[in-house]
Amino acid sequence: MKLKKKFIEEENIKPLEGSWTIAEIEISYNPIIINHTIISSSFQAYELIKQLWDNEKINLQEQFAALFFNQSKKIMGWKVLSTGNMTKCIVDIKLLVSLALHCMCTHVMIVHNHPSGNLKASQCDESITLTVKEALKLIDVQLIDHLIIVENGYFSFNDEGLL
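Keep in mind the model is a prediction, meaning the values are calculated, not measured.

Enquirer: Honestly, the overall build of the protein chain in this entry has me stumped. Any pointers?
Expert: A count of helices and strands for the protein chain gives 4 helices and 6 strands. Helices and strands appear in the protein chain in the N-to-C order α-β-α-β-β-α-β-α-β-β. The buried share among the 163 residues of the protein chain stands at 37%. Taking all contacts inside the protein chain whose residues are at least 6 apart in sequence as the whole, residues at least 24 apart take part in 68%. Total accessible area on the protein chain stands at roughly 10,800 Å², and carbon and sulfur atoms take up 55% of it.

Structure representation (structure tokens):
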């Protein structure tokens, strides 16, 4: 013990005194259903997303968003998580999972647009879908679909058996 005290004195390390705090997360739950329609198909989801999406960016910048649903698949909320350039955007898995936890959802749908108008899923699109699915599975949340949208259409990973 004396050796430890001597080391602290020689290195001018002072013990923490007084009150101090560390980073903390505050959790609150205020359930709000923003659309009482139950989403039961990719077409219904696409129709809803068309109303929410920023039409000025659909052909200009790639965006990545998530929709959060309760057990009845009623939408609890949605959030654009990233805006990129014409060919890509970054997907922050930690942010997506933290939002799913924060709103206590049971289902998530991810969506991104292809400014090129091409509805073909890329290898990167398939990879991120699997990564998101596995991350959400860890917190007992189901990824119900990944839609790629363009101005006049959509591609559903679920409908194509890629989920």
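Having seen it, we continue.
Enquirer: What is the right way to look at the packing of aromatic side chains in this model?
Expert: To describe a pair of aromatic rings, you give the distance between the ring centres and the angle between the ring planes. Tallied over the entire structure, the rule returns 2 aromatic pairs. With 4.8 Å between their ring centres and 25° between their planes, Tyr 46 and Tyr 154 make a pair best called stacked. Pair noted here: Tyr 46 is in helix H2 (residues 42–52) and Tyr 154 is in strand E6 (residues 153–156), with a separation of 108 residues, a long-range link. Relative accessible area serves as the criterion here: at 4%, Tyr 46 is assigned to the buried category. Seen from their ring centres, Phe 155 and Phe 157 are 5.4 Å apart, and the 85° between their planes marks the pair as edge-to-face. The pair formed by Phe 155 and Phe 157 is uniform in burial state, with each residue classed as buried.

Enquirer: Looking at this structure, I do not really get the pairing of strand E5 (residues 142–150). What am I missing?
Expert: For a regular strand, side-chain orientation follows a simple rule: the groups alternate between the two sheet faces. With 8 of 9 residues buried, E5 is to be regarded as a mostly interior element. Pairing between strand E4 (residues 107–113) and E5: 7 bridges, direction parallel. Among the inter-strand pairings, His 107 is bridged to a residue of E5, identified as Gln 142. Bridge analysis of E5 against E6 gives 4 bridges, and the strand direction is antiparallel. Paired with Val 150 across the bridge in E6 is Gly 153. The antiparallel hairpin formed by E5 and E6 contains 2 residues in its connecting segment.

Enquirer: What's the story with the nonpolar core in this structure? I'm lost.
Expert: Side chains of a nonpolar character, in soluble globular proteins, are inclined to be buried together. In terms of nonpolar packing, the biggest core is built from 20 residues, with Phe 68, Leu 96, Cys 105, Val 108, Ile 110 and Leu 136 touching the most fellow members. Contributing elements (two or more residues each) for this core: strand E2 (63–69), strand E3 (74–83), helix H3 (93–102), E4 and helix H4 (123–137). The element contributing the most residues to this core is H4, with 4 residues. Setting aside residues no more than four positions away along its own chain, Leu 136 makes contact with Val 97, Ala 100, Val 108, Val 141 and Leu 143. Counting residues in hydrophobic clusters, the runner-up holds 16 residues, among them Trp 53, Leu 67, Ile 144 and Ile 149.

Enquirer: What's the story with the environment of Thr 106 in this structure? I'm lost.
Expert: Positionally, Thr 106 belongs in the loop between H3 and E4. Overall, Thr 106 belongs to the partly exposed group, its relative accessible area being 23%. Remark: the alpha-carbon pair of Thr 106 and Leu 143, spanning 37 residues in sequence, is separated by 8.8 Å. When near neighbours in sequence (up to four residues on either side) are disregarded, Thr 106 contacts Phe 69, Asn 70, Gln 71, Asp 140, Val 141 and Gln 142. A distance of 2.8 Å separates polar atoms of two side chains, one belonging to Thr 106 and the other to His 107.

Cut-offs and rules
Residues numbered from 1 in each chain as written. Predicted model: local features only at pLDDT ≥ 70, side-chain atom pairs only at ≥ 80, totals over all residues. Heavy atoms only, no water. Helix = DSSP H or I, 4+ residues; strand = E, 2+ residues; numbered from the N terminus. Buried < 20%, exposed > 50% of the residue type's maximum accessible area, 1.4 Å probe, protein only. Contact = heavy atoms within 4.5 Å. Areas by Shrake-Rupley, 256 points an atom, 1.4 Å probe, with all protein chains shown as cover. Phe/Tyr/Trp six-rings, centres within 6.5 Å; stacked < 30°, edge-to-face > 60°. Pairing = 2+ DSSP bridges. Core = buried A, V, L, I, M, F, W, Y, C linked by side-chain atoms within 4.5 Å. Polar contact = N/O pair within 3.5 Å; in protein donor to acceptor, adjacent residues only side chain to side chain.

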